[in-house]
Protein chains: 2
Amino acid sequence: MSEFPEDSIGLVTPQTLHFDTPLTLASGRILPHYDLVIETYGQLNADASNAVLICHALSGHHHAAGYHSVDERKPGWWDSAIGPGKVIDTERFFVVALNNLGGCHGSTGPNTPNPETGKPYGPDFPIVTVLDWVHSQAHLADRLGITQWAAVVGGSLGGMQAMQWAISYPERLRHCVVIAAAPKLSTQNIAFNEVARQAITKDPQFYNGHYYEQGVVPKTGLMLARMVGHITYLSEDGMRDKFGRELRSGKLSFDFNPQFEIESYLQYQGERFSSAFDANTYLLMTKALDYFDPAAEYDNNLAAALSDVRCDFFIASFTTDWRFSPERSREIVDALIEAKKHVTYTEIQAAHGHDAFLIPIPRYMEVFGAYMNRIAAEQENQYAR
Amino acid sequence: MSEFPEDSIGLVTPQTLHFDTPLTLASGRILPHYDLVIETYGQLNADASNAVLICHALSGHHHAAGYHSVDERKPGWWDSAIGPGKVIDTERFFVVALNNLGGCHGSTGPNTPNPETGKPYGPDFPIVTVLDWVHSQAHLADRLGITQWAAVVGGSLGGMQAMQWAISYPERLRHCVVIAAAPKLSTQNIAFNEVARQAITKDPQFYNGHYYEQGVVPKTGLMLARMVGHITYLSEDGMRDKFGRELRSGKLSFDFNPQFEIESYLQYQGERFSSAFDANTYLLMTKALDYFDPAAEYDNNLAAALSDVRCDFFIASFTTDWRFSPERSREIVDALIEAKKHVTYTEIQAAHGHDAFLIPIPRYMEVFGAYMNRIAAEQENQYAR
């Protein structure tokens, strides 16, 4: 008998993989060596054809499913979609999740030692791009003996990585799953990111990124960044339905204490995040978002950027997502159609805004599940012949 | 010959009016006496029937039109709409603009002396509401000998004051002009205000609101508040059209300096504002916004709240305004119709988002001008008979 829910992958253990081959980044800088922390769920089959890569979003990491201990209160961040019999079925797929370079959950990043100094990289960690991540993930695939992913899957910033895989390594994936993403940030998206960066870098506890040595963290900056972010992850309607104008004490207090429920909710979210996430990583993640624009080197022609992709695409968006609205997903779909590629698109009715991609909304799970089932069946049939 | 543009009201001089009658606020606190700084444009006619009150928005003040000196680079904040021959025609109307209580441009507020201590009120200045402002404006009307305004006019938070006038003093205005406003803030609106408040109050230079004594201002907090605010004032499309993803130097810099045009624009706006506006006033203004909800005491029935109004209404909204979207204006229109009141409504095509209400968009100026012309003509005809 397991202590975990029946449909959970159960106890999982992260592994740290060390890479000694230098990685040249888009900035021109070189990481001489680096670690990637990963988790895997399920079994790689004999011909290594059933592997699925999960790419994480801004604040994500390698712990996508299952539990690290019996005491862990909550499972991995996408446990609702990954597990035995779930949408990404660990009885059929070998699932790989990693913490990206520049992250703050064990992979080489600002809070890990700079080999040149022995101290944390801090602000000296190079700016990394979606393309850099995909290159590092390709080295990870090599290490795991995976020549071709059955699918590369991601939501939000993770979806951008999936797209980049299809563009940069067309022969190394059969399916690309891009959920709640966009082909590039809008001006408004960049503007919100810049507010977050200013909040962090102008916090006196930031010390130009060298706060580790000071034994402090720029909590206020991170809290503000997360509060702004959180507003953009939720939909206006979702916030109204969940919090409305409800007052914590039932009446106006005529002071500056939080009195509307939404105020204390945001403060709580911001404060919790500020103790759990690294500020330098947050800055890097926002830059990776800002910089992603695969069409840029194709004269802003997204169809041209996608002209060499070989995989099939599954694109999903959510009606109330205003961070990356359905319109942004349809830009990808339209470009794929123009480039004569195979694409399945679904627009899910959901009140949850951008956060919907993390929520097991029945219709979403059904359509996404049907697509993943098709991938598993294809691969099982092909190799059964 | 004037040094000012022909259609400008020209040189204007603010006046400070002192009020000795104690004002009881919605919070229960009492202001024993207070100053209001005002400007007036045009001439009050013999029967004081041509007066128009201009109510300002979050960061506004009494200087709505004309110039304070020949050296002033820019005229008052609504000079595009107020002046000889303009929409609010100073050859026909006597226009009154004031700085509201709690403001930072001369009226009694956090940066003016608390009579009890001789030091600036700072955080001890009471929270003021839209209703409090309207009461103070009614005392101002008494002082100026204006029994009934031809119109009370405002955009955004100013529009909320105009609505409150119609509800609280139904016999004291003939027309109510409510532009780019809402009957109450949405949860998302409150959430953005709370980010601004946290940014200001968590700035180490805020000193719990007593920064005046320290000779500093919470510049970072105010800058962040303004940056967030600014994003919500502009439309996503407007930002895209104006800034796109243009890079200042033409290429990515792979560092954290501002490189997209939108980044430097927002920083500039934020920094300029942080040297020009008082942080305690900003906090008060956001609270006045959050608290405005005239339907609350009518069981959330806006039509009931408006059942006793006697004036005619002109309501205007702008298509890309997502701070107070057209839908929010239509809630007011629908409630007025349900309450069987006279209402004219226009929804203006504009790319400028919420800021559109300050911009002389031809269609907007035409429709608004036609309404104001009707008011002037009515009043001139009535008194010509």
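Residues numbered from 1 in each chain as written. Chains lettered and ligands numbered in written order. Predicted model: local features only at pLDDT ≥ 70, side-chain atom pairs only at ≥ 80, totals over all residues. Heavy atoms only, no water.

Under an unreviewed UniProt entry, chain A has the name Homoserine O-succinyltransferase and belongs to Nitrincola iocasae. Of the comments in the UniProt record for chain A, the one headed Function (unreviewed entry) reads "Transfers a succinyl group from succinyl-CoA to L-homoserine, forming succinyl-L-homoserine." Word for word, the UniProt comment on chain A under Pathway (unreviewed entry) is "Amino-acid biosynthesis; L-methionine biosynthesis via de novo pathway; O-succinyl-L-homoserine from L-homoserine: step 1/1." (UniProt positions renumbered as here; feature names shortened; annotations may be inferred.)

## Describing the relation of the copies chain B and chain A
Taken as rigid bodies, chain B and chain A are interconverted by a rotation of 180 degrees and an axial shift of 0.0 Å, the fit giving an RMSD of 0.0 Å. Seen this way, the second copy is the image of the first under a two-fold rotation axis. A symmetric contact is evident, with 100% of the interface residues of chain B recurring at the interface of chain A. (Least-squares fit on C-alpha atoms with pLDDT ≥ 70 in both. Contact = heavy atoms within 4.5 Å.)

## Overview of the confidence of the model for chain A
Mean pLDDT over chain A: 96, with 99% of residues reaching 70 or higher. If you check the scores for this complex, the pTM reads 0.96 and the ipTM reads 0.95. (pLDDT = per-residue confidence, 0-100.)

## Focus: the packing of aromatic side chains
Residue and element names in this part refer to chain B. Evaluation of the coordinates by the stated rule reveals 40 aromatic pairs over all chains. Pairing Trp149 with Trp165 gives two aromatic rings, centres 6.2 Å apart and planes at 85 degrees, and the pair type is edge-to-face. With Trp149 in the loop between helix H1 (130-144) and strand S9 (151-155) and Trp165 in helix H2 (residues 157-168), this residue pair connects regions lying 16 residues apart in the sequence. No difference in accessibility class separates Trp149 from Trp165, as the two residues are buried. When the ring centre of Phe19 is taken as reference, the NZ or CZ atom of Arg143 above it lies at 4.3 Å. (Phe/Tyr/Trp six-rings, centres within 6.5 Å; stacked < 30°, edge-to-face > 60°. Helix = DSSP H or I, 4+ residues; strand = E, 2+ residues; numbered from the N terminus. Buried < 20%, exposed > 50% of the residue type's maximum accessible area, 1.4 Å probe, protein only. Lys NZ or Arg CZ within 6 Å of the ring centre and 35° of its normal.)

## Notes on the pattern of salt bridges
Residue and element names in this part refer to chain B. On inspection of all chains with the given rule, the structure shows 32 salt bridges over all chains. The closest approach of N and O atoms between Glu171 and Arg310, which form a salt bridge, is 2.7 Å. Here Glu171 is found in the loop between H2 and strand S10 (175-179), whereas its partner Arg310 is found in the loop between helix H9 (302-305) and strand S11 (312-318), with 139 residues between them in sequence. The exposure class of Glu171 is exposed, given its relative accessible area of 54%. (Salt bridge = Lys/Arg side-chain N within 4 Å of Asp/Glu carboxyl O.)

## Observations concerning the packing of helix H5 (residues 219-233) of chain B against helix H7 (residues 261-276) of chain B
Residues and elements named next belong to chain B. With their axes 8 Å apart at the nearest point, H5 and H7 run at an angle of 130 degrees to one another. Compared by their axis directions, H5 and H7 come out oblique. By crossing handedness, the relation of H5 to H7 is classed as right-handed. Residue-level inspection shows Lys219, Leu222, Met223, Arg226, Met227, His230 and Ile231 of H5 in contact with H7, the latter providing Tyr265, Leu266, Gln267, Gln269, Gly270, Glu271, Phe273, Ser274 and Ser275. Residues belonging to the contact of H5 with H7 are distributed by class as follows: 7 nonpolar, 6 polar and 3 charged. (Axes fitted to C-alpha atoms, helices over the stretch in contact; angles between N-to-C directions. Parallel < 35°, antiparallel > 145°, perpendicular 65-115°, else oblique. Left-handed = near helix turned anticlockwise from the far one by under 90°. Nonpolar A, V, L, I, M, F, W, Y, C, P; charged D, E, K, R; others polar.)

## A look at the sheet that holds strand S12 (residues 343-348) of chain A
Residues and elements named next belong to chain A. The strand order across the open sheet built from 8 strands is S1-S4-S8-S5-S9-S10-S11-S12, with neighbouring strands paired in mixed fashion. Both edges of this open sheet fall to strand S1 (15-19) and S12, since each of them pairs with a single strand only. Going from strand to strand, the sheet's axes swing by 20 degrees on average, the running direction of each strand aside. In terms of strand pairing, strand S4 (residues 34-41) meets strand S8 (residues 94-98) through 4 bridges, oriented antiparallel. Pairing of Ile38 across the sheet is with Leu98, part of S8. Together, strand S5 (51-55), strand S9 (151-155), strand S10 (175-179) and strand S11 (312-318) form the strand contacts of helix H2 (residues 157-168), whose direction differs from that of S9 by roughly 150 degrees. (Pairing = 2+ DSSP bridges.)

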